[in-house]
Structure formats: structure tokens, C-alpha cells
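# What the coordinates show
If you want the building blocks of each chain, they are given just below.
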Amino acid sequence: MSQHLRELIKVVRSARTAQEEREVITKELAAIRTACAQEENDFRPRNVAKMLYIHMLGYNTQFGQMECLKLIVSPHYSDKRIGYLGLMILLDEKQEVLMLVTNSLKNDLNHFNQFVVGLALCALGNIASQSIARDTAAEVEKQLSSSNPYIRKKAALCALRILRKVPELVEYFLPRIKNLLSDKNHGVLIATLSLMIELSKTDNNGTILQHFRKLTPTLLRTMRQLTQSGFAPEYDVAGITDPFLQVKLLRLLGILGASDPTTSDQMNDILAQVATNTDSMRNVGNSILYECVQTIMSIESENGLRILAVNILGRFLMNRDNNSRYVALNTLCKVVGIEPEAVQRHRNMIVDCLKDPDISIRRRSLELIYALVNATNVRNLVRELISFLLVADIEFRPDLTARLCALTEQYAPHKRWQVDTILKIMSIAGNYVPDEVCSNLIALIASTKDLQTYAAHKMYLALTKDISQQAMVQVGVWCIGEFGDLLTNSTSPVEDAKEFVKVSETDVLIFSLEY
């Protein structure tokens, strides 16, 4: 007889080296193999439990698969529980030995004990192969009508696995869903909604979605009951009634309302109610608000409702919790193309996120700012991005520099501002400026006569201060070489120079020799 599981765990934890642990495991596996060969039925549950622990440590316990099957056919619930647990951990749907358990599964699905039925449904939901799904679909469908909510809940989740493996069996389960949506048990409702969401996502011809859209009034009635109901201790989480069920409902409504104005119109009132009445002081409420925003943006909602959704995300940006702020930035990146004006109102808070110590928040805020830049705000946002470039980590600089140059070229209000801004970027991060930016700037100066004198003086002044930035040197040397004669003008057209710059031919020659 081998030792108890608790004793094995104690010995393994006390091992000082990996070698010592391997010796303990090898010795114990040898004892288990002997017990299996001698058909020691009294100790089989204990041996399987120890094999599960050893499997968790990363050792091979494949020989224990048949022991699991022997426990499953046992009439005792305690044996079945260990057997099914071992089945789900030691086997997967690709194992041929799994076919031997099909008959036991069908028998247990019709067992008088609800917990035995629950074990069989749980195992099916985790490891059912395509063939097993086909063989047991009728039994699972039957359990959807069980009088026990514990079994109905597990059957709905099991049906989810079956339909993933065999989508054509949807006709078995579709008629049952309407009755399940009227269930009073929240666990059954959540499982049913999960099943509906999966079916909606995999619906290729739209027939299932059309069927589910007819159930929209039932879904909205359930959602309204949740938002208007009083305190329910069984489902209350931080003062909110069953946020898990609310999130599932909102997610399904978002799928049903997408590209369907009629269904979307039915949802507008309840979505507005959820968005305005849900407490945003706790993460529980924020999770519902986030899902509500996702739903509003995915359906054909009213313009006012979309603005309300963007404002909710704006409130998230003021939250001290980094997760909430990241979620807000990430979602705003997705909706900025839908409601750009509404997102623009939160521009200052988005820019402030560039100062956040969390690198992921800085990265998402940068992506959002890039999307916000347009011809109206290009001066302000580019100035903010240049300020960030001065203190940005090295990993940000290549992409930030390239994006800044692209935005400057795309939205420049006039050519002189473009030259000034590109030169400013080059003076800060010239080694990261793409080659095409240098070529574009040279082409702009060459084709714009009014800029040539200005650019020559500007480049000359910049190079006298710093020649460490490759892009600036490249453009500056070309500009001075091409328009060097313009440097000898009596005064500099550079408006921000502290004093007029007088450059002689000798100065240019000395500069060329020195640098």
C-alpha cells in the first residue's frame, strides 16, 4: 500500500533538490503501478488522486488513464468524482481511449443522482470529441428540460461544447433556448446566454441571428428587471444585482443589434437607463458601463446615445485605476472613427495620459492622439507630442518620430510651419527620422522659392548648435550647399533669432572645414 496524498505532498515539498524530488516521484509511481497491476480497488481513488498531483508537477502519468475509466463505472459517487476529474485532466479529445467512456457517459447522464449527472455533463463540456458529441447530444438536449436548475445550467454549457464540435446539431437545441430564457435561476440564464452568444458568432447564414432577434423583448425585460430590482442578497455584488448576468445580456444585445436598426431601436431606452443609472464608483459598475459602451457602439444606436457612451469613457480616464484608464483608451481608439467630435472633447485628458508612469497607458494614449490629429488641432497636438518626444523612452522614439513627421506633412497649415516642425523633430531625434522624410523636406525646399532663403538660414543656425543628428546634418548640408549664396544676405529671415545673423562667405567656408 502506498502513502496517502497528503503525505506525498509533504514529502515532495520537503525535497531540497530536483533530483531528490524525482526520486520520490519515481518511487511513488512504481508503487502506484504495482497497485494497479494487482487490482487494489480499495486504494484506486487514492492512487488516481496522487497521479493527478504528480501530473501537475509535470511527470508522465499516462498509464493512469484506464484507472480513471474504472473509477467512472463505479457505483459510488466519490469514486466517480475522482474518475471524472482524472478523465478531464489526463485525457483530451484526441485520445482514442476516450471512446471507451462513451457508454458510461450516456448511463450517467440518465442517473437518478443530480450530482452524478453533473459530473458527466462537466466532463462532456471539457473533453467531448466530435463523435462523443454526436452520440450524447440527445441526452444533453433532454437534460435542458430537467426540473433541476443545477442540471439545466450544466446542460446548457455542455451544449455549447457540442455545438462547437458539431455545428449541424443546432436544430436539437434551438427550440429549448426560448424556455431557458424565462428561467428564474440566474445560473441557468448565464449559461443560456453564453450558448446564444456562441451560436450568434458562428452563424454564417443569419438564420440563427434572425431567430434570436425575435427574443429581444424577453432579453430587454430581463435586463430591465435587473436594473430596477431592489436588493437581492443572493445575487448582489457591491450593491449591483448580478453584474455577471447584466454583462452577458449586454454582450448578446450588441451582437443582435449590429446592422439591424429595428432591433437597435428597441434597445435604446434600456441602454440609456443602464448608462446613466449604473454606479461608476466601483469596478463592478465600471464593468457594466464598459460593456454598455461596447453595445452602444456596435449597434445602430442614436447619436446622443453614442455621445453618452464616449463621455462614460471620458470618466474612466479620470479614474485612478490603471485598468479602467487603459480600457477607456483602448475603446476610444476603436470609436474615434465613429464619433471623432465626441472624442475630441476629451483631448486634454488623453494628452495628460502621456505623463502616466504606466508604459501601456502611454502607448495607448499615443495611438489615440495620432488618430485625433486633424487640420484644426495639428499645431496643439504636434506641440504636445514634441514635448513628449523630449522625455520619451528610447523604445518610443522610432515610431513616435516617424508618426510625428507623417502627421506634420499631412496636416501642415503652411509650408514654413512644416519646415520649422520637421527641423525641430530632427534636432531632438534626428537619428530616428526616416529617409523619406529627409527626401520630402529637400523636395519641398527645392520647389518653394520663398522658403529657400529661410531654410538655408534656419539649417545653418541649427547646425552651428548641434551636428549630432544625422537627418538634420543630411538636409542641412544639402540646403547650405544648394543655397549657400543666400546665406550671404545682409540679414537673416529667421524670425525667432535673438539677433540678426550676418553670414559671410568666409564663415560658410570655415564652417564647412570645421564640420
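Attention here is on the structure that accompanies the text. (Residues numbered from 1 in each chain as written. Predicted model: local features only at pLDDT ≥ 70, side-chain atom pairs only at ≥ 80, totals over all residues. Heavy atoms only, no water.)

Along the protein chain, the regular secondary structure elements total 28 helices and 2 strands. Expected size for 515 residues packed as a compact globule is a radius of gyration near 24 Å; at 34 Å, the protein chain overshoots this value by more than 25%. Counting only C-alpha atoms and orienting by the principal axes, one finds that the protein chain spans roughly 105 × 65 × 40 Å. When the 515 residues of the protein chain are sorted by exposure, 49% land in the buried category. At a minimum sequence separation of 6, the contacts of the protein chain that also span at least 24 residues come to 66%. Put simply, the protein chain shows about 25,500 Å² of open surface, and 50% of that area lies on carbon and sulfur atoms. On the protein chain, the mean spot of the 57 positive side-chain charges and the mean spot of the 57 negative ones are 6 Å from each other. (Helix = DSSP H or I, 4+ residues; strand = E, 2+ residues; numbered from the N terminus. Rg over C-alpha atoms; globule rule 2.2 N^0.38 Å. Buried < 20%, exposed > 50% of the residue type's maximum accessible area, 1.4 Å probe, protein only. Contact = heavy atoms within 4.5 Å. Areas by Shrake-Rupley, 256 points an atom, 1.4 Å probe, with all protein chains shown as cover. Lys, Arg positive; Asp, Glu negative; His and termini not counted. Charge placed at Lys NZ, Arg CZ, Asp CG, Glu CD.)

The next subject is empty space enclosed by the protein. In this approach the atoms are scanned with a rolling probe the size of a water molecule, which exposes any empty space left behind. In this structure the tally under the stated criterion is 1 cavity of 30 Å³ or more. In this structure, the largest cavity encloses a volume near 40 Å³. Lining the largest cavity are Leu-181, Leu-189, Leu-193, Thr-218, Leu-219, Thr-222, Leu-245 and Leu-249. Considering every element that reaches the lining of the largest cavity, the biggest residue donor is helix α13 (residues 216-228), with 3 residues. (1 Å grid on protein atoms, 1.4 Å probe; cavity = no way out; pocket = protein on both sides within 12 Å on 5 of 7 lines; lining within 4 Å. Points joined across faces, edges and corners; volume = space filled by probe spheres on them.)

Secondary-structure assignment places Lys-153 in helix α9 (residues 149-165). Owing to a relative accessible area of 31%, Lys-153 belongs among the partly exposed residues under this scheme. Counting along the chain gives 45 residues from Lys-153 to Glu-198, while the straight-line C-alpha distance between them is 16 Å. Lys-153 has contacts with Gly-187, Val-188 and Ala-191, leaving out every residue within four places of it along the chain.

Here we take up the packing of aromatic side chains. Evaluation of the coordinates by the stated rule reveals 5 aromatic pairs. An aromatic cluster of at least three residues, connected via ring pairs, comprises Tyr-77, Phe-115 and Tyr-150. Above the ring of Phe-63, the side-chain terminus of Arg-33 is found at 4.1 Å from the ring centroid. Positioned above the aromatic ring of Phe-396, the side-chain terminus of Arg-363 is 4.9 Å from the ring centre. (Phe/Tyr/Trp six-rings, centres within 6.5 Å; stacked < 30°, edge-to-face > 60°. Lys NZ or Arg CZ within 6 Å of the ring centre and 35° of its normal.)

Right, let's talk about the nonpolar core for a bit. Counting 161 residues, the largest nonpolar core has Leu-87 and Val-140 as the members making the most contacts within it. Excluding its chain neighbours within four sequence positions, the residues that come into contact with Val-140 are Leu-109, Leu-121, Leu-124, Ala-155, Cys-158, Ala-159, Ile-162 and Phe-173. (Core = buried A, V, L, I, M, F, W, Y, C linked by side-chain atoms within 4.5 Å.)

Let us now look at the packing of helix α15 (residues 261-277) against helix α17 (residues 303-317). Where α15 contacts α17, the two axes come as close as 11 Å, and the packing angle between them is 20°. With respect to their mutual orientation, α15 and α17 come out roughly parallel. Classified by chirality, the crossing of α17 by α15 is left-handed. For the pair α15 and α17, the contacting residues are Asn-268, Leu-271, Ala-272, Ala-275 and Thr-276 in the first and Leu-305, Leu-308, Ile-312 and Arg-315 in the second. The residue makeup of the contact of α15 with α17, split by class, is 6 nonpolar, 2 polar and 1 charged. (Axes fitted to C-alpha atoms, helices over the stretch in contact; angles between N-to-C directions. Parallel < 35°, antiparallel > 145°, perpendicular 65-115°, else oblique. Left-handed = near helix turned anticlockwise from the far one by under 90°. Nonpolar A, V, L, I, M, F, W, Y, C, P; charged D, E, K, R; others polar.)

Glancing now at the environment of Leu-169. The residue Leu-169 is located in the loop between α9 and α10 (170-181) in this model. Leu-169 gets classed as buried once you look at its relative accessible area, which sits at 11%. Distance from Leu-169 to Ala-138, taken between C-alpha atoms, is 9.8 Å for residues 31 residues apart in sequence.

Taken as a whole and assessed by the stated rule, the structure comprises 18 salt bridges. The salt bridge involving Glu-291 is made with Arg-251; its shortest N-O contact spans 3.2 Å. Placement of Glu-291 in helix α16 (residues 283-298) and of Arg-251 in helix α14 (residues 243-257) is noted, with a sequence separation of 40 residues between them. Residue classification places Arg-251 among the partly exposed residues on the basis of a relative accessible area of 34%. Three or more residues joined by partner-sharing salt bridges are found here, namely Arg-44, Glu-67 and Lys-70. (Salt bridge = Lys/Arg side-chain N within 4 Å of Asp/Glu carboxyl O.)

Bringing helix α8 (residues 130-143) into the picture now. Because each turn of an α-helix spans 3.6 residues, side chains separated by three or four positions in sequence point in the same direction. Between its first and last C-alpha atoms α8 spans 19 Å; for 14 residues at 1.5 Å apiece the expected length is 20 Å, and the two agree. At Thr-136, α8 is deflected by roughly 50°, the largest bend along its length. Every buried residue belonging to α8 is among Ile-132, Ala-133, Thr-136, Ala-137, Glu-139, Val-140, Glu-141 and Gln-143, and all of these are buried. At its buried positions, α8 is contacted by α6 (102-109), α7 (114-127), α9 and α10. (Expected span 1.5 Å × (residues − 1). Bend = angle between axes of the 7 residues up to and from the residue.)

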